[in-house]
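# Descriptive analysis of the structure
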Amino acid sequence: MRHFLKETDFSIEEAAEVFTLAKSYKNDRFNTPPALARQSWGLLFYKSSTRTRVSFEVGVNEMGGFPIVLNSQQTQLGRGETVADSARVLSRYLHGLVIRTFGHDIVEGFAQHASMPIINGLTDFLHPCQIYTDLLTLLERWSPAGSIDIACLKGKKIAFLGDTASNMANSWILGAAMFGMEISLAGPAGFEPSSAIDAQLKADGLAVNYQFTTDAAAAVKDADALYTDVWVSMGDEDEAAERKRVMAPYSVTTELLSQANSDAYFMHCLPAHSGEEVTQEVLDSPQSIIFDEAENRLHTQKAIMAKLVELSSKV
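Residues numbered from 1 in each chain as written. Predicted model: local features only at pLDDT ≥ 70, side-chain atom pairs only at ≥ 80, totals over all residues. Heavy atoms only, no water.

## Some points on helix 12 (residues 290-312)
So the rule is basically this: Secondary structure elements follow DSSP: runs of H or I of four or more residues count as helices, runs of E of two or more count as strands, with numbering from the N terminus. Multiply 1.5 Å by the residue count of a helix minus one, and that product is the helix's expected span. Bend angle per residue: angle between axes fitted to the 7 residues ending at that residue and the 7 residues starting there.
For helix 12, built from 23 residues, the straight-helix expectation of 33 Å at 1.5 Å per residue is met to within 8% by its first-to-last C-alpha distance of 32 Å. Largest kink in helix 12: about 35°, centred on N296.

Listed below in structure tokens is the structure:
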């Protein structure tokens, strides 16, 4: 059984097929082949959601399947049933399961015991669906007209600003290493990438190729895209005031964006807090591609589900 818990769960060749498939879905959205015909897919949420829930629910529908939305607190998981037992039971009903949760061990536990594909819709460690979406959004701009060519990612530089120990920073580090990109991260001391992402790179046979600095200007120099995320993620609310204080120098402003390459893009996985990690002027600028990213969640996740169904049928 094949799962998608981290970026590297697809090979480079499989990832290229996912991007190409996602673009074809986008080009002809309402004629999507019914890859999930007569299938029921669960969407299990430990965390609240807008983009993940809507994009997956719509995507399953558009591929001929039936989405079933589950809240962890409204299932027996909320009353102490083990992940292992839940995975075994749900596998008897469903054809696939998307999970948005806190600890990465939860999606790993489901994958270990499930007999259906498991997709990581977000954990506190990684957000691989978002990274594949972001890469598709860049490939649309960097590939030759009418094509999607992952070779165009090689050597491009991403600058990540703010909470560089976050799940989005981790996923960008892993994705950049996988596709041969450069990545420079800038944030306050104490928020540098953790040893856990270094261990993941090593486990996947990838070099530790990122740079961390406390100097935002240094990070964005020669960057092809600037990326940021909220400073206070779900679960960090008790640290909100301190996080906002120490991360203030890493807000993406028009001035900071101007220090990157002149054709650099601004990216954000949303929701954005205008006036904190980014200014409204940057959000509204011609260099901002945030809503293309948001749309591409739908097309990319449809492609991920279709690819998992195809690969799992061969196992």
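## Here's the deal with the packing of aromatic side chains
Cut-off, in case you're wondering: Stacked, tilted and edge-to-face pairs are distinguished by plane angle, under 30 degrees for stacked and over 60 for edge-to-face with tilted covering the rest, among Phe, Tyr and Trp rings (Trp via its six-membered ring) whose centres lie within 6.5 Å. Exposure categories follow from relative accessible area, calculated using a 1.4 Å probe and restricted to protein chains: below 20% of the type maximum is buried, above 50% is exposed, and the middle band is partly exposed.
Evaluated as defined, the whole model comprises eight aromatic pairs. Consider the rings of F10 and Y132, whose centres lie 6.1 Å apart with planes at 50°: the pair is tilted. Remark: Y132 occurs in helix 5 (residues 128-142) and F10 occurs in the segment before helix 1 (12-27); sequence separation between them is 122 residues. Here F10 falls in the buried class, since its relative accessible area comes to 2%. Note on Y132: relative accessible area 0%, which makes it buried. With 5.9 Å between their ring centres and 55° between their planes, F19 and F179 make a pair best called tilted. Of the two residues, F19 is situated in helix 1 and F179 in helix 6 (residues 167-179); the sequence distance between them amounts to 160 residues. Considered together, F19 and F179 belong to a single accessibility category, that of buried residues. Taken together through their ring pairs, the aromatic side chains of F4, F10, F19, Y132 and F179 make up a single cluster.

## Remarks on the sheet that holds strand 2 (residues 66-71)
Cut-off, in case you're wondering: In this scheme, strands are said to pair when DSSP sees at least two bridges between them. Angular values range over 0 to 180 degrees, each being the angle between N-to-C directions of two axes fitted as lines to C-alpha atoms, with helices fitted over their stretch in contact. Any two residues whose heavy atoms approach within 4.5 Å are treated as being in contact.
With parallel pairing, four strands are arranged side by side in an open sheet as 2-1-3-4. The sheet is open, and its two borders are formed by strand 2 and strand 4 (118-122), each paired with just one other strand. Looking at each pair of strands side by side, their axes are set apart by 20° on average, direction ignored. Bridge analysis of strand 3 (residues 96-100) against strand 4 gives four bridges, and the strand direction is parallel. Following the sheet pairing, R100 is matched in strand 4 by L122. Packing against the sheet, helix 12 makes contact with strand 1 (40-45) and strand 4, and its axis sits at approximately 160° to strand 4.

## Topic: the pairing of strand 3
If a strand is regular, its side chains alternate between the two faces of the sheet. As a reminder of what qualifies: Handedness is read with the strands pointing away from the viewer; a crossover is right-handed when the path from the first strand over the helix to the second is clockwise.
In terms of residue burial, strand 3 counts as a mostly covered element, since five of its five residues are buried. Side-chain alternation along strand 3 places G96, V98 and R100 on one buried face and L97 and I99 on a second face that is also buried. As a crossover connection, the stretch from strand 3 through helix 4 (residues 104-113) into strand 4 is right-handed.

## A few points about the packing of helix 2 (residues 51-62) against helix 12
Let me state the cut-off plainly: The scheme is simple: roughly parallel for angles under 35 degrees, roughly antiparallel for over 145, roughly perpendicular for 65 to 115, oblique for anything else. We call a crossing left-handed when the near helix sits turned anticlockwise from the far one by less than a right angle, and right-handed when that turn is clockwise. Under the convention adopted here, Pro, Cys and the residues Ala, Val, Leu, Ile, Met, Phe, Trp and Tyr are nonpolar, Asp, Glu, Lys and Arg are charged, and Gly plus all remaining residues are polar.
Contact geometry of helix 2 with helix 12 gives a least axis separation of 9 Å together with a crossing angle of 55°. When the axes of helix 2 and helix 12 are compared, the pair comes out oblique. For helix 2 against helix 12, the interelement crossing comes out right-handed. Residue-level inspection shows R51, T52, S55, F56, V58, G59, V60 and E62 of helix 2 in contact with helix 12, the latter providing R297, L298, Q301, K302 and M305. Of the residues assigned to the contact of helix 2 with helix 12, the class counts are five nonpolar, four polar and four charged.

## Section: the nonpolar core
Using the following cut-off: As used here, the term nonpolar core means buried Ala, Val, Leu, Ile, Met, Phe, Trp, Tyr and Cys residues forming a set that is joined through side-chain atoms within 4.5 Å.
If you look at the biggest cluster of nonpolar residues, it comprises 59 residues, and the most contacted ones within it are F19, I119, Y132 and W172. In terms of residue count, the dominant contributor to this core is helix 6 (nine residues). One finds A219, A223, V252 and I290 within the second-largest nonpolar core, a separate group that totals 20 residues.

## A word on the sheet that holds strand 9 (residues 265-268)
Strand order in the open sheet formed by five strands is 7-6-5-8-9, with parallel pairing between adjacent strands. The open sheet has two edge strands with one neighbour each: strand 7 (210-213) and strand 9. Adjacent strand axes in the sheet meet at a mean angle of 20° when their direction is disregarded. In the sheet, strand 8 (residues 225-228) pairs with strand 9 via four bridges, with the strands oriented parallel. Each bridged residue has a counterpart across the sheet, and for L226 the counterpart in strand 9 is F266. Across the sheet, helix 5 touches strand 5 (157-161), strand 8 and strand 9, and the angle it forms with strand 9 is around 160°. Strand contacts of helix 12: strand 8 and strand 9, with the helix running at about 50° to strand 9, the strand carrying the most contacts.

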